[in-house]
Amino acid sequence: MKSSIKKMLCFLLAFVLCAGTAAVSPISVQAKFKTITMSESLENAAADVPVVKDFTLPVSSTDVFVYIGTMAPCSFTMMLFNSEDMETDSVRITESDTAWTTDGSGIYVNGYTGRFASGDYHASITFDAPTAFVFAVAAEIPEAVISNSTLTLTAGFSKNLSVKDNTGSVKWKSSKPAIASVDSKGQVTAKKAGKSTITAAVDGKTLKCVVTVKNNKYTATKLTNSEIPNGQASWEAYSASYDNAGNLTIKFRMVNNCGHYAEYLKNLNVKVKTAKGSTAAVYKESRKNLYVADQSYKDFKITIPKKDLKIKKPIDLRNASIVTDGSYGYTYYTYN
């Protein structure tokens, strides 16, 4: 007898899981079928006497399986009620029902499948004849998932991580707080260049996000003469950073292919913008002497004092943009 009960319990669970896989579209990687409740032993029900079974769904699920396992097909009625004792659905199954499934060893399974909101429920099962049975409920339950598995931040800046589809509270932790710390609400603060793993312990599992911290510096590829057509000259910023006093230094490269000796920049206009498009700094200079031979280049830099910055607090230079305007010229004429 104990062997039969064990087989029934094992098969009931296996059937519910397999049936769920076959009955619905492919399961999301963030969800899996879980046993909500299952009888620990074989129970005996009298004929025409309702047997009430309580169960609780921790979260809403589109695929909930309420099943009965027996030694042979039988006839029964299953009624489902919510926490307010209102009937939500019912099913009538007879011993000739084609949905009865067996593993070939004389154990049979049948029941109800449907959509349930989270909450408390109870099933009322009435058998037509005395029946030994096992009751089980399984459901496709979304698994907790972290908002980012990888994250790149600029030193001095923060971003919130979150966990969804969790049923329990989240405990956050950083493997290297000196590089990237995390608070109890999942806010990650980048401290200095390097890598740190942020973990979220929740619902019996550990979710991870690998955080890469980079220095707060604007970088771009330096212009080369091969990029500028003959007869033209151009200049672009390739580096920008704050010094210890909060002043902003921007480095440029001017490339000259115009066919003449460039002597100066006229009406140099530089704008630094945040990733969201806000103007953080502006630099203007009516004439900047800059002697660059033809088919050559020269690097130069400007410094914008902190007091002249539009945004005094350091911005995320790594994700900023720097645009320039102006013209280059010679002693007697200017090319636009």
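These figures come from a predicted structure and were not determined experimentally. (Residues numbered from 1 in each chain as written. Predicted model: local features only at pLDDT ≥ 70, side-chain atom pairs only at ≥ 80, totals over all residues. Heavy atoms only, no water.)

## Details of the confidence of the model for the protein
- Scored by pLDDT, the protein comes out at a mean of 89, with 88% of its residues at no less than 70.
- Low pLDDT, under 50, characterises residues 1-8; the stretch is placed with 14 contacts to residues that sit more than four places away or in other chains.
- Across residues 19-29 the pLDDT falls below 50, and counting only partners more than four positions away or on other chains, this stretch makes 13 contacts in the model. (pLDDT = per-residue confidence, 0-100. Contact = heavy atoms within 4.5 Å.)

## A short note on the pattern of salt bridges
- For the structure on display, the rule yields five salt bridges.
- A salt bridge links E285 to K288; the shortest N-O distance between them is 3.8 Å.
- Here E285 falls in the partly exposed class, since its relative accessible area comes to 22%.
- Across the pair K307 and D308 runs a salt bridge, and its minimum N-O distance is 3.3 Å. (Salt bridge = Lys/Arg side-chain N within 4 Å of Asp/Glu carboxyl O. Buried < 20%, exposed > 50% of the residue type's maximum accessible area, 1.4 Å probe, protein only.)

## Comments concerning the packing of aromatic side chains
- Tallied over the entire structure, the rule returns nine aromatic pairs.
- Summarising the aromatic geometry, the rings of F55 and Y121 are spaced 5.7 Å apart at their centres and angled 15° between planes, so their arrangement reads as stacked. Taken together, the residues F55 in strand β3 (residues 51-57) and Y121 in strand β9 (residues 119-127) connect sequence positions 66 residues apart.
- The class for F55 is buried, based on a relative accessible area of 3%.
- One aromatic cluster is present, built from ring pairs that chain together F55, Y112, F116 and Y121. (Phe/Tyr/Trp six-rings, centres within 6.5 Å; stacked < 30°, edge-to-face > 60°. Helix = DSSP H or I, 4+ residues; strand = E, 2+ residues; numbered from the N terminus.)

## Focus: the side chain of D316
- Turning to its location among the elements, D316 is positioned in the loop between β25 (296-304) and β26 (321-329).
- Polar side-chain contacts of D316 include one of 3.2 Å to the backbone nitrogen of R318.
- Setting aside chain neighbours within four positions, we find D316 in contact with T154, F157 and N216. (Polar contact = N/O pair within 3.5 Å; in protein donor to acceptor, adjacent residues only side chain to side chain.)

## Here we look at the layout of surface pockets
- Size it by volume and the largest pocket reaches roughly 180 Å³.
- Lining the largest pocket are F157, T274, A275, K276, I315, D316 and N319.
- Looking at the lining of the largest pocket residue by residue, the class counts come to three nonpolar, two polar and two charged. (1 Å grid on protein atoms, 1.4 Å probe; cavity = no way out; pocket = protein on both sides within 12 Å on 5 of 7 lines; lining within 4 Å. Points joined across faces, edges and corners; volume = space filled by probe spheres on them. Nonpolar A, V, L, I, M, F, W, Y, C, P; charged D, E, K, R; others polar.)

## A short note on the pairing of strand β5 (residues 76-82)
- Taken across its seven residues, β5 has five buried, putting it largely inside the fold.
- Across six bridges, the pairing between β5 and strand β6 (residues 87-93) is antiparallel. Within β6, the residue paired with F76 across the bridge is I93.
- Joining the antiparallel neighbours β5 and β6 is a turn of four residues, in which D85 adopts a positive phi near 65°.
- In this sheet, β9 lies alongside β5 in antiparallel orientation, the contact comprising seven bridges. The residue bridging F81 from the neighbouring strand is H122, located in β9. (Pairing = 2+ DSSP bridges.)

## Digging into the nonpolar core
- One finds L248, I250, M254, L265, V270, V272 and I322 to be the most contacted residues of the largest nonpolar core, which totals 30 residues.
- Elements with a minimum of two residues in this core: β21 (233-242), β22 (248-256), β23 (262-273), β24 (279-292), β25 and β26.
- Among all residues touching V272, those that are not within four sequence positions of it are L248, I250, S278, T279, A280, A281, I315, L317, S321 and I322. (Core = buried A, V, L, I, M, F, W, Y, C linked by side-chain atoms within 4.5 Å.)

## Observations regarding the sheet that holds strand β20 (residues 218-219)
- Strand order in the open sheet formed by four strands is β20-β21-β22-β25, and the pairing between neighbours is antiparallel. Two strands in the sheet have a free side with no partner beyond their single neighbour: β20 and β25.
- Note that β21 and β22 share nine bridges and pair antiparallel. Bridging from a neighbouring strand, S234 pairs with V255 of β22.

## Details of the environment of K298
- Summarising the element assignment, K298 is placed in strand β25.
- Accessibility expressed as a relative area gives 33% for K298, which makes it partly exposed.
- Separated by 45 residues in sequence, K298 and R253 place their C-alpha atoms 5.7 Å apart.
- Residues within four places of K298 in sequence aside, it is in contact with F252, R253, M254, L290, Y291 and V292.
- A polar side-chain atom of K298 sits 2.7 Å from the main-chain carbonyl oxygen of Y291.

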